[in-house]
Amino acid sequence: MKLWSKESTSTSQLVEQFTVGRDKEFDFLLAKYDVQGSIAHVRMLGEVGLMSKEEADTAVKGLEAIAADIEEGRFRIEEGIEDVHSQVEFILTQRIGEAGKKIHSGRSRNDQVAVDIKLYLRAEVLAIKQEVKETFDLLIAQSEKFKDHLLPGYTHLQIAMPSSFGLWLGAYAESLTDDMEGLAAAFQVANKNPLGSGAGYGSSFPLNRKRTTELLGFKTLNWNSVYAQMSRGKTERVIATALSGIAGTIGRLAMDCCLYINQNFGFISFPSELTTGSSIMPHKKNPDVFELIRAKCNRIVAVPNELSLLLANLPSGYHRDLQLTKEILFPAIEELKACLQMTRLMLQHLSVKTNILDDEKYKYLFSVEAVNELVNKGIPFREAYKQVGNQIEEGEFAFDYKKQLQHVHEGSIGNLCNDEIVGVMNGVLQKFS
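So, a few notes on the structure that sits alongside this text. As the structure is a computational prediction, the values presented were derived from the model and not from experiment.

1. A look at the state of the cysteines
A full pass over the atoms with the stated rule returns zero disulfides. Left unpaired, Cys257 is separated from the closest cysteine sulfur, that of Cys258, by 7.2 Å. The closest cysteine sulfur to the non-disulfide-bonded Cys297 is located on Cys339, 4.2 Å from its own sulfur. Exposure remark for Cys297: the relative accessible area of 0% places this residue in the buried category.

2. Points about the environment of Asp359
Secondary-structure assignment places Asp359 in the loop between strand S6 (351-352) and helix H11 (367-376). According to the relative accessible area criterion, Asp359 is partly exposed, its value standing at 35%. Placed 212 residues apart in sequence, Asp359 and Lys147 show a C-alpha to C-alpha distance of 19 Å. Here Lys361 takes part through its backbone nitrogen, which lies 3.0 Å from a polar atom of the side chain of Asp359.

3. Here we look at the environment of Asp179
Considering the arrangement of structural elements, one finds Asp179 in helix H6 (residues 165-190). Asp179 gets classed as buried once you look at its relative accessible area, which sits at 11%. In this structure, the C-alpha to C-alpha distance between Asp179 and Ser244, residues 65 residues apart in sequence, is 8.8 Å. Once residues lying within four places of it in the same chain are set aside, the contact partners of Asp179 are Gly245, Ile246 and Thr249. Among the polar contacts made by the side chain of Asp179, one reaches the side chain of Thr249 at a distance of 2.5 Å.

4. Points about the environment of Gly414
Its location among the elements puts Gly414 in the loop between helix H13 (401-404) and helix H14 (418-429). Between the C-alpha atoms of Gly414 and Ser164, which are 250 residues apart in sequence, the distance is 9.2 Å.

5. Some words on the nonpolar core
Residues Phe165, Trp168, Leu183, Leu243, Ile246, Phe267 and Ile268 are the most contacted members of the largest nonpolar core, which totals 92 residues. Setting aside its immediate chain neighbours within four residues, Ile268 contacts Phe165, Cys257, Tyr260, Ile261, Leu350, Ser351 and Val352. Counting 22 residues, the second largest nonpolar core, distinct from the first, contains Val35, Met51, Ala56 and Ile66.

6. Thoughts on the pairing of strand S2 (residues 158-164)
In the sheet, strand S1 (residues 150-155) pairs with S2 via five bridges, with the strands oriented antiparallel. Within the sheet, the bridge partner assigned to Tyr154 lies in S2 and is Ile159.

Conventions used here
- Residues numbered from 1 in each chain as written.
- Predicted model: local features only at pLDDT ≥ 70, side-chain atom pairs only at ≥ 80, totals over all residues.
- Heavy atoms only, no water.
- Disulfide = S-S within 2.5 Å.
- Buried < 20%, exposed > 50% of the residue type's maximum accessible area, 1.4 Å probe, protein only.
- Helix = DSSP H or I, 4+ residues; strand = E, 2+ residues; numbered from the N terminus.
- Polar contact = N/O pair within 3.5 Å; in protein donor to acceptor, adjacent residues only side chain to side chain.
- Contact = heavy atoms within 4.5 Å.
- Core = buried A, V, L, I, M, F, W, Y, C linked by side-chain atoms within 4.5 Å.
- Pairing = 2+ DSSP bridges.

Laid out in structure tokens, this is it:
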């Protein structure tokens, strides 16, 4: 029987298939967290007298055995069992008897699902934090490695001013520090305990919600029982927004790499085994990995909007609409982790072209340097700008950048400030503590 089933209730197979949807696909991701939440709840029930100490101890041991089954791959949701919550309770009752039927006291499936999702999302945010940190560290390392190799800078996709591979890669590293700020904020939203809110209106049982908060390692509670239910969906949207920021950075880097590997740019290259060929053109080395990273990241950027639309006209209280948040957000989490991992794989094998700026077509990159040189000699900026502009118009412009290129201010090609950027990242990481 379902947790909510009464003797006289029957549900048609079509209705059941429609309402369950893809939920069982994602329930396996929640299984270990469902057991964690149940262990904390049972310990609390034993402490407040809703289960005897012996019953609570027996139930905890039974739940710990189920946790071991999950960890070792022996757990499954059987045919006819509605969801992971029902399966865990069913197995427990089979193994320990009547005490297993008591563990749902003071708990609704609503707050049970909510705490499972909070525990899952909290763990996934920490996993993504680590993926981002490793990607950040690699970008900083490659920025330092290639800091002396110059690169054309572009505005409007037109040749603009001198840049460097160090400056380019360091820009994406610093972008991730701001993305990590968003992830840290999302972590704080996820790090609140909804367990004990029941169906959204609390319980007449003397539950100790502070105790389950402590046992589950949450920073604090969702205090208001109504809001504890309203936080479902909202938490997912906040996390999705943080993920979309990271995806935006990684997708943009992927686009740069697709451009820079193109023969018309020719700035970077990767080993043949990391690119793909053509079925008819033997010369092709396609950046399929970066193209798919770009596409997947664009999809992740859209996830907050999809969640916002799902939640847009819901009143307070629980609604079955919220079930769909899992199939929107959970795959996006896995996709982002994969994109970060593949980005690192590619960047570890990055090769850069040297002496790019010797090419004649890049000579106008140094027009600003020529203007600044005249200004340093005492010529007013507007006059210096006019002189260099006239030289360009008349085809007389020349500038020896190897002897005269001097950039020393913070964040320039001669002063990347990577140590300072690392300091910013380390500061943001402290917010996850």
